[in-house]
Every structure is written in C-alpha cells, then in structure tokens.
Amino acid sequence: MKTSLRLQIAACTTRLRKAGSEIQLFPAGVFRARDGRPHGIKGWRTDADIARRIVALATQRETPFVVDYEHQTLSAPDSGNPAPAAAWFQNLEWREGDGLYAVDVEWTAKAAAMIEGDEYRYLSPVFKFDKSGAVTELLMAAVTNNPAIDGIADVAAARYLHHPHEEATPVDEELLKMLGLEADATPEQIRAAIQALMEKANKADKAEADVAALRTQIEKPDPEKFVPVSAMSELQTQVAALSTQIQTGEVDQLVKEGLDDGRLVKSMEGWARDLGTKDVAALRSYLDNAQPIAALSRQQTDGKKPPEGDNHLTDEELAVCRAMNQTPEEFLKAKGVKVEETNA
C-alpha cells in the first residue's frame, strides 16, 4: 500500500483590485477554495493568533516573498521554463475582522500594467496548514486567472513532497511527537528522524544477536577447548589417587630395599614410611647416603647367644651405631629398650 506524508501546503485565490502596495493574502476566519478544498475539514482558517505566528516566521526570512505568474516558480525545476517575478513583498499585517495583508508590495512594471489592463485579476497565495486547517506559514504567491485553482494545490504539494501523483495526507501529531519533531516538521526532517530510528533499531537487533551468540557459546562450549567442571574435578581426584598409589608403591620399595641391605633397621621402618609419605625425595636422599650394613641383613647373633642384659649390644649392633653415627644409648632407645642412666 502506498503511503505519503502530507506537507500541509495549499493555494487559494483572491481578487486583485489594482496593482497597489497592499494585497490581501488570507481572509479572516474560515475560508475554502471554490473547487471544494480542503477535503475532510471545515476549511482553512486564520485569526489573530494564527496570523501572529505567520508574521513571526516571515520576519525571520532574509529574502522577500515572491509573487510570480501562474505558480511558475513551483514547476520551473521540472519544466525548465523561466519563472519571472511579478512582484516582491516582505512585511505582513493582520487586520482584525478582515484578514492578513502584504503591505509593502513592489510590482514590476510589466505586472502592474497587466493588472491595470485587467490581464490578471486574481492572487493565489501558497501556504502550509495543519490538520485542523489552521494556516501555519506563507510560502509565496502568484497572479492567476484561474480562481477555481484546479490543480494549483496539487502542484504545490508535488514540489515539496516529490510525489506528483499522490494526494497529501496529514501527519499524525502523535507520530511526530514519538519522532521528537514539531507539528510543522518538514518531510526532510521526518525522513531523517525515521532513518535515525531505523539505524538505532538495527543496532539493537545486532546487539541482541551478539548476546544470543555469546549465550550459546557459554551454554554449549567447544568440546575441543573446554571441559565440564565436574569432569575436571573427577580427573583431579583420579590423578591425586594415582599419585598417592605411585608414591606409596615407591615408599614400600625403598623401605624394603633399605631393610634388605641394612641401610634401615626394623625399628626405623615406621619412621622411614612416615618420611616417605610426606617427602619421598627426602627418604630417597637418606637411603642414598646411608651405608649398608651386611650384618643387618642376617641374624645379628649368627646363632650365638646374645650378650646378657638389655643394655649390651652385639658387635653387629655396634657397627650399625657407627654407620649411623649413633651412640649405643640412642640405638637402644630406637629399639624401645629402656636405658638405665648412671651418674658419672
């Protein structure tokens, strides 16, 4: 479905009496064109408040308003034909109960002669209006002999909307507010606001897509790069258990070798295992530096009756003391024998 934004522009026609310096542009109150326009509303209208706004806009212009022939200024960009001016004016004046006037009209000699000769009778101002019909701005005017203004309003709308075959429709004021625009916004401003809104919406859609993609990556990580926390914890437990098993096996082997070759006595087995469990490297270092005692690998008494008394050591035990740099008392304590101390 084709849609268009109405730029509220129209033209009406008033009778030219003479080529004087004052011309009436709009009557006071509600007025309509003779062809029935405007459609859908009671009519165009001006009053003192409306006129005050029109005059305020006019005072902001740097160039005067043009009065041309048959609205040729509006069609000149497309037709390529010249659009000579018939008159110029700049100052407007509201006259209560009468209407809005241009009060400093300067006619060209040619136009003045044509009006005085009754070759042109009517003035057709071109203006903007809102959806209530209130005139919002004067644009220009033309001398014409077509007071019914058939086609004149359409030409004006076409020049500003660039849609020659579409009838303009009012822009909803609520829509303009949503776009952050005033009621008299131009089509260019409306298009720019809509374009900015579309770009903002596109950015929001892209950001939402990026967030969705990131969420997918978090919920379904690449199995080649990430593993579940539960799997990692289970693996760590298995590694710890295996490490303990390997260490225990190594300690067992070191203690067995130490007992077999005499680097450890039986009473040192518990100590050696505790040391190996805490620091197997320390146990290995101790055994590497300890001297094997062959006597400890066989029966210490070699079938002979051991010396009488718990405090006596065999020759083999004394050799162990020397190898371990221990006193006999320290050796006996390690064996769990109570040593009787004597005073010197």
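All figures in this text were calculated on a predicted structure; none of them were measured in a lab.

J.: A description of the confidence of the model for the chain should follow, citing residues and the corresponding values.
T.: Per-residue pLDDT for the chain averages 76, and the proportion of residues at 70 or more is 73%. Long-range and interchain partners of residues 148-168, a stretch whose pLDDT sits below 50, account for 53 contacts in this model, where long-range means more than four residues apart.

J.: So what's going on with the environment of Asp130? Which residues, and what values?
T.: Along the chain, Asp130 falls in the loop between strand E11 (122-129) and strand E12 (135-144). Among the polar contacts made by the side chain of Asp130, one reaches the side chain of Ser132 at a distance of 2.6 Å.

J.: Quick rundown of the sheet that holds strand E3 (residues 23-27)? Include the residues and the values.
T.: Reading across from one edge, E3-E9-E8 is the order of the three strands in this open sheet, with antiparallel pairing throughout. Looking at strand neighbours, the two that pair on one side only are E3 and strand E8 (92-95), the edges of this open sheet. When strand polarity is set aside, the average angle formed by the axes of neighbouring strands in this sheet is 30 degrees. Bridge count for E8 against strand E9 (residues 99-102) is four bridges, and the pairing is antiparallel. Considered in E9, the bridge of Leu92 is made with Ala102. Along the sheet, helix H1 (residues 48-59) contacts E8 and E9; its crossing angle with E8, the most-contacted strand, is approximately 170 degrees.

J.: Could you give an account of the pairing of E9, with specific residues and numbers?
T.: Within a regular strand, side chains alternate between the sheet's two faces. Across four bridges, the pairing between E3 and E9 is antiparallel. Within the sheet, the bridge partner assigned to Ile23 lies in E9 and is Ala102. Remark: three residues form the turn of the hairpin made by E8 and E9, two consecutive strands paired antiparallel; Gly97 in that turn has positive phi of roughly 80 degrees.

J.: Lay out the pattern of salt bridges with the relevant residues and their values.
T.: Under the criterion given, the structure shown has twelve salt bridges. The partner of Arg45 in a salt bridge is Asp47, and the shortest N-O contact between them spans 3.8 Å. The residue Arg95 makes a salt bridge to Glu93 at a minimum N-O spacing of 2.9 Å. What makes Glu93 partly exposed here is its relative accessible area of 35%. Here the salt bridges do not stand alone but share partners, grouping Asp252, Lys266, Glu269 and Arg273 into one network.

J.: Tell me about the environment of Gly20, and please be specific about residues and values.
T.: Within the secondary structure layout, Gly20 lies in the loop between strand E2 (14-15) and E3. Judged by its relative accessible area of 16%, Gly20 falls in the buried class. Counting along the chain gives 86 residues from Gly20 to Glu106, while the straight-line C-alpha distance between them is 8.2 Å. Filtering out sequence-adjacent residues up to four positions away, Gly20 remains in contact with Val105 and Trp107.

J.: Explain the packing of helix H8 (residues 269-278) against helix H9 (residues 280-289) to me, and be specific about the residues and the numbers.
T.: Axis separation between H8 and H9 bottoms out at 5 Å; the angle between their running directions is 130 degrees. Between H8 and H9, the interaxial angle falls into the category oblique. Note on element contacts: H9 touches H8 through Val280, Ala282, Leu283 and Tyr286, opposite Trp271, Ala272, Leu275, Gly276 and Lys278. Along the lines of polarity and charge, the residues of the contact of H8 with H9 split into seven nonpolar, one polar and one charged.

Cut-offs applied
Residues numbered from 1 in each chain as written. Predicted model: local features only at pLDDT ≥ 70, side-chain atom pairs only at ≥ 80, totals over all residues. Heavy atoms only, no water. pLDDT = per-residue confidence, 0-100. Contact = heavy atoms within 4.5 Å. Helix = DSSP H or I, 4+ residues; strand = E, 2+ residues; numbered from the N terminus. Polar contact = N/O pair within 3.5 Å; in protein donor to acceptor, adjacent residues only side chain to side chain. Pairing = 2+ DSSP bridges. Axes fitted to C-alpha atoms, helices over the stretch in contact; angles between N-to-C directions. Salt bridge = Lys/Arg side-chain N within 4 Å of Asp/Glu carboxyl O. Buried < 20%, exposed > 50% of the residue type's maximum accessible area, 1.4 Å probe, protein only. Parallel < 35°, antiparallel > 145°, perpendicular 65-115°, else oblique. Nonpolar A, V, L, I, M, F, W, Y, C, P; charged D, E, K, R; others polar.

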